[in-house]
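# Notes for the structure review
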Amino acid sequence: MFQTAFTLSLMQFARTLSLPERLQHSPLRNLALEGLRQRNVALDALFYDIKVITPEEAVYISDSLAAEGAIMIVPPSGGAAITLCETVSEFVLRGGDKVRALAVAGIGGSALGAAAFARNVADAIQGPVAVVVSGYGIADVITEAFGGLFSSAI
């Protein structure tokens, strides 16, 4: 339990430190959604085994780079660190050919939840796993739910 609380606190702290940089890119959107994104980390602790992510990895993926659509290469516990890739070509260049499985966390999954899910899969198969960050958590749940509702109604 302590490791989960520590990872949660560290992730919140790192996100707070990176806020000025994120505000430079999309100030209104980032400012409006930051409160929801901060709460996502707590939800990650409920649904994913976030204690498998090291403190260094938590800080690394907390920044704005770990955004929706990013691809991470997650090795098993005790191995190399997580590799964050913004594009498919970067994924290929940084070791995508060594990946043994692909994981996608649930709807609205944030970077921390996606990395924790992939780490559990990597530990189970004893090899690196690619994971796609599917969303920003609560910030996307409402829009994704409406999108699913309207697409199923058509």
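See above for the structure.
What you see is a predicted model, and the numbers here were worked out from it, not measured in a lab.

### Structural notes on the overall build of the chain
- Within the chain, the secondary structure is distributed over six helices and four strands.
- Put simply, the chain has 154 residues, and 44% of those count as buried.
- Sequence-distant contacts in the chain: of pairs separated by 6 or more residues, those separated by 24 or more amount to 72%.
- Accessible surface, the chain as shown: approximately 8,200 Å² in total, 68% of it carbon and sulfur.

### Some thoughts on the environment of Asp44
- The topology assignment puts Asp44 in helix α2 (residues 27–47).
- For Asp44, a relative accessible area of 5% puts it in the buried group.
- Separated by 72 residues in sequence, Asp44 and Ala116 place their C-alpha atoms 8.7 Å apart.
- When neighbours within four sequence positions are excluded, Asp44 is seen to be in contact with Ile50, Ser110, Leu112 and Gly113.

### What about the nonpolar core?
- In terms of nonpolar packing, the biggest core is built from 23 residues, with Ile53, Ile61, Met72, Ile82 and Val131 touching the most fellow members.
- Where this core is concerned, the elements lending two or more residues are α3 (55–62), β1 (71–74), α5 (111–125) and β4 (129–132).
- Here the element with the most residues in this core is α5; it accounts for seven residues.
- Once residues within four sequence positions are removed from consideration, Met72 is found in contact with Ile61, Ile82, Thr83, Leu84, Ala111, Ala114, Ala115, Val129, Ala130, Val131 and Val133.
- Listed in part, the five residues of the second largest apolar core include Ile71, Ile73, Cys85 and Phe91.

### Section: the pattern of salt bridges
- Taken as a whole and judged by the stated rule, the model has four salt bridges.
- Ionic pairing is found between Arg94 and Glu90, a salt bridge with its closest N-O pair at 3.1 Å.
- Assessed through its relative accessible area of 41%, Arg94 is described here as partly exposed.

### Observations concerning the sheet that holds β1
- In space, the four strands of this open sheet follow the order β2-β1-β4-β3, with mixed pairing throughout. Since the sheet does not close on itself, it has two edges, and those belong to β2 (83–85) and β3 (101–104), each with one partner. In this sheet, adjacent strand axes meet at a mean angle of 25 degrees when their direction is disregarded.
- Bridging between β3 and β4 involves four bridges; their strand directions are parallel. If you follow Leu102 over to β4, its bridge partner there is Ala130.

### Observations concerning the environment of Arg94
- As for its position among the elements, Arg94 is in the loop between α4 (88–93) and β3.
- Residues Arg94 and Leu84, 10 residues apart in the sequence, show an inter-C-alpha distance of 8.9 Å.
- Setting aside chain neighbours within four positions, we find Arg94 in contact with Tyr60, Ile73, Thr83, Leu84 and Cys85.

Criteria and cut-off values
- Residues numbered from 1 in each chain as written.
- Predicted model: local features only at pLDDT ≥ 70, side-chain atom pairs only at ≥ 80, totals over all residues.
- Heavy atoms only, no water.
- Helix = DSSP H or I, 4+ residues; strand = E, 2+ residues; numbered from the N terminus.
- Buried < 20%, exposed > 50% of the residue type's maximum accessible area, 1.4 Å probe, protein only.
- Contact = heavy atoms within 4.5 Å.
- Areas by Shrake-Rupley, 256 points an atom, 1.4 Å probe, with all protein chains shown as cover.
- Core = buried A, V, L, I, M, F, W, Y, C linked by side-chain atoms within 4.5 Å.
- Salt bridge = Lys/Arg side-chain N within 4 Å of Asp/Glu carboxyl O.
- Pairing = 2+ DSSP bridges.
- Axes fitted to C-alpha atoms, helices over the stretch in contact; angles between N-to-C directions.

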